[in-house]
Structures are given as C-alpha cells and as structure tokens.
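Chain residues, written in single-letter form:
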Amino acid sequence: MNEDLSLLLIMVEAGGVFAPLAFIFFHLLRSFIFIPVSVVIIAGGVLFGTMWGTLYSVIGLMGVSIFFYAFIDKMPKTQERIIKIKNRWFGEYRNLTVGQIAILRLIPFVHYHLLSFCLKQRKPGFKKYMKASFLTNIPIAFFYTIFGEYISTFTPSFIALTLIGLTCLVYLLREKKSIIKWKEFFKRTKEKAAG
C-alpha cells in the first residue's frame, strides 16, 4: 500500500504540476515547429480529459494570441507574407467577422496565424483583440478536445459534409459590405488602364 502511494505521489510530483505547464508551453512552441493546432489540442484531450484539456488548450492558445499580437508588427517580412496570403484567400478589401474567424479556426488547413492577423485587423486594440481571440479560441479547443478521438474514425464523406457545412457558415456570417477608399479605387483604375 505504501509503495503504491509513494509511486502515485512521485507521478503526481513529476507530471501532475508540470504536465499542464509543459502542455501550455508546447502551444507556444508549436508555432515554430509547424505542428497543426488541432493535433496539439487533440493530444490535450487525450492527456488531460475533456474539461482540463479544453481549459489548458484555451490558455495555451491565448498565450499564442498574446505572442502574435506583441510580435507581428516587429516582423515586417512575415507580416507582408501574411497580408499576401490574406489578400489571395479572402480578398484585399474583405474583413472577416469574429464569427467567421471562429468557424475558420475549426477547419484544420486554414492557418491559425492568418486568422489571428485577420482578427487583429478587425480588432486593433489589445483589449478588444484579446476578447475576440478568447471567443474564437473556445470553439476550436472545445471541438477538437471533445471530438478529437472520433475524428480519425470519420468517413471521407462525413468529413466532406462537415467542411461544406463550415464553409456555408463562413459565408452566412460574412460582412455584407466592403469599403474601398477613393484613392485606392482610382489608383487601381489607372493601373488597369496603363497596364
């Protein structure tokens, strides 16, 4: 009995306190070693269960959001690449809503930092950005923690149906107007006439 208790205490001391911290830190590290967000969140669900896995994933994703907000303006080349990708995927004058960003984060092949950049353009103030970031991180953390174990058993037709459904939601939640400044509009008109 004492041996079992000692072993349990050693396991709790070794992994119990530091395992969640290591997992949260791994969310930050994930960006640099190109591991998809969904994979890390699924691992959190397996390691910590639904409730704690979701909580630790939200904390980790919020850390990633803070890191992104603090450093993206200090990395102009990276920011230029993200702007080019955003313009190619969503259009130069299209701003995604917070709801669209939350849904797009559920789609595994949409880049997490691209959506963080769109969120930063939508909510440039730190407080508003963090609130919107929190709201958009909850669905991805919850979805992949809960359903992570079952995603591998989905049939290709069910995955296609899910992606089509998410695409329809993104379309329905879109911003219905685009604002183009006069100077930019007439600049493009002159460029097309000259080219």
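Presented here is an overview of the structure given in this document. (Residues numbered from 1 in each chain as written. Predicted model: local features only at pLDDT ≥ 70, side-chain atom pairs only at ≥ 80, totals over all residues. Heavy atoms only, no water.)

**Comments concerning the pattern of salt bridges**
Two side chains bearing opposite charge may form a pair once their charged atoms approach each other closely. Using the following cut-off: When a carboxyl oxygen of Asp or Glu is within 4 Å of a side-chain nitrogen of Lys or Arg, the pair counts as a salt bridge. Each helix is a run of H or I in the DSSP string that is no shorter than four residues. Each strand is a run of E no shorter than two, and both are numbered from the N terminus. Only protein chains enter the accessibility calculation, which uses a 1.4 Å probe; a residue whose area is less than 20% of its type maximum is buried, one above 50% is exposed, and one in between is partly exposed.
Summed over the entire model, instances satisfying the criterion amount to one salt bridge. Note that lysine 120 is salt-bridged to aspartate 73, the shortest N-O span being 3.0 Å. Separated by 47 residues along the polypeptide, lysine 120 in helix α6 (residues 112-122) and aspartate 73 in the loop between α3 (37-71) and α4 (76-90) bring together distant segments of the chain. Among the residues examined, aspartate 73 registers a relative accessible area of 46% and is labelled partly exposed.

**Description of the packing of aromatic side chains**
Keep this limit in mind: The pairing test for Phe, Tyr and Trp rings, Trp by its six-membered ring, is centres within 6.5 Å, and the orientation test on the planes gives stacked under 30 degrees, edge-to-face over 60, and tilted for anything in between. Any Lys NZ or Arg CZ that is within 6 Å of a ring centre and within 35 degrees of that ring's normal is treated as a charge sitting over the ring.
One pass over the structure, following the stated rule, counts six aromatic pairs. With a centroid separation of 4.9 Å and an interplanar angle of 35 degrees, the aromatic rings of tyrosine 69 and tyrosine 129 are classed as tilted. Of the two residues, tyrosine 69 is situated in helix α3 and tyrosine 129 in helix α7 (residues 126-151); the sequence distance between them amounts to 60 residues. The rings of Phe32, Phe67 and Phe71 are connected pair by pair, giving a single aromatic cluster. Across the ring face of tyrosine 112, the terminal group of arginine 105 is positioned such that the distance to the ring centre comes to 4.2 Å.

**Looking at a nonpolar patch on the surface**
Threshold: To count toward a patch, a residue needs a relative accessible area over 30% and no salt bridge; like charges are then connected within 9 Å, while nonpolar side chains (Val, Leu, Ile, Met, Phe, Trp, Tyr) are connected within 5 Å. Surface accessibility in these figures is a Shrake-Rupley result with a 1.4 Å probe; residues are shielded only by whichever protein chains are displayed.
Together, Phe25, Leu29, Phe32, Ile33, Phe67, Phe71 and Met75 make up an exposed nonpolar region whose accessible area comes to about 650 Å². Elements that contribute at least two residues to the nonpolar patch include exactly α2 (18-30) and α3. Looking at where methionine 75 falls in the secondary structure, it is placed in the loop between α3 and α4. With a relative accessible area of 37%, methionine 75 lands in the partly exposed category.

**Remarks on the packing of α4 against α6**
To keep it simple, the criterion reads: Helix axes use the C-alpha atoms of the stretch in contact, all axes being lines fitted to C-alpha atoms, and the angles between their N-to-C directions lie in the range 0 to 180 degrees. For classification purposes, an angle smaller than 35 degrees is called roughly parallel, one larger than 145 roughly antiparallel, one from 65 to 115 roughly perpendicular, and anything else oblique. Any two residues whose heavy atoms approach within 4.5 Å are treated as being in contact. Under the scheme applied, nonpolar residues are Ala, Val, Leu, Ile, Met, Phe, Trp, Tyr, Cys and Pro; charged residues are Asp, Glu, Lys and Arg; polar residues are all the others, including Gly.
At a minimum axis separation of 10 Å, α4 and α6 run at an interaxial angle of 90 degrees. On the basis of their axis angle, the class for α4 and α6 is roughly perpendicular. Here Gln79, Ile82, Ile83, Ile85, Lys86, Trp89 and Phe90 of α4 come into contact with α6, specifically with Leu114, Leu115, Phe117, Cys118 and Gln121. Residue classes in the contact of α4 with α6 are distributed as nine nonpolar, two polar and one charged.

**Overview of the packing of α3 against α6**
Applied cut-off: Helix crossings get a hand from a simple test, with the near helix turned counterclockwise from the far one by less than a right angle marking a left-handed crossing and a clockwise turn marking a right-handed one.
Look at α3 against α6: their axes get within 11 Å of each other, and the N-to-C directions meet at 50 degrees. With respect to α6, the axis of α3 lies oblique. The hand of the α3/α6 crossing is right-handed. Here Val37, Leu61, Val64, Ser65, Phe68 and Tyr69 of α3 come into contact with α6, specifically with Tyr112, His113, Ser116, Phe117 and Lys120. For the contact of α3 with α6, a count of residues per class yields seven nonpolar, three polar and one charged.

**Describing the nonpolar core**
We apply this condition: Joining through side-chain atoms within 4.5 Å is the link that ties buried Ala, Val, Leu, Ile, Met, Phe, Trp, Tyr and Cys residues into a set, and such a set is a nonpolar core.
Within the largest apolar cluster, 32 residues are counted, with the highest numbers of intra-cluster contacts made by Leu61, Phe90, Leu96, Leu104, Leu115 and Ile140. Within the residue set of this core, elements represented by two or more residues are α3, α4, α5 (98-104), α6, α7 and α8 (156-172). When residues in this core are grouped by element, the largest group, eight residues, is from α3.

**A closer look at α2**
Formally: One less than the residue count of a helix, multiplied by 1.5 Å, gives the span that helix is expected to have. In this description, one arc is meant: the one made by directions from the helix axis to the C-beta atoms.
For α2, which comprises 13 residues, the first-to-last C-alpha distance of 18 Å matches the rise-based estimate of 18 Å (1.5 Å per residue) to within 8%. Among the residues making up α2, those that are buried are Pro20, Phe23, Ile24, His27 and Arg30. Down the axis of α2, the smallest arc covering the buried residues is 120 degrees, so these residues share one side. Seen from the open side of α2, the exposed residues pointing more than 90 degrees away from its buried face are Phe18, Leu21 and Phe25.

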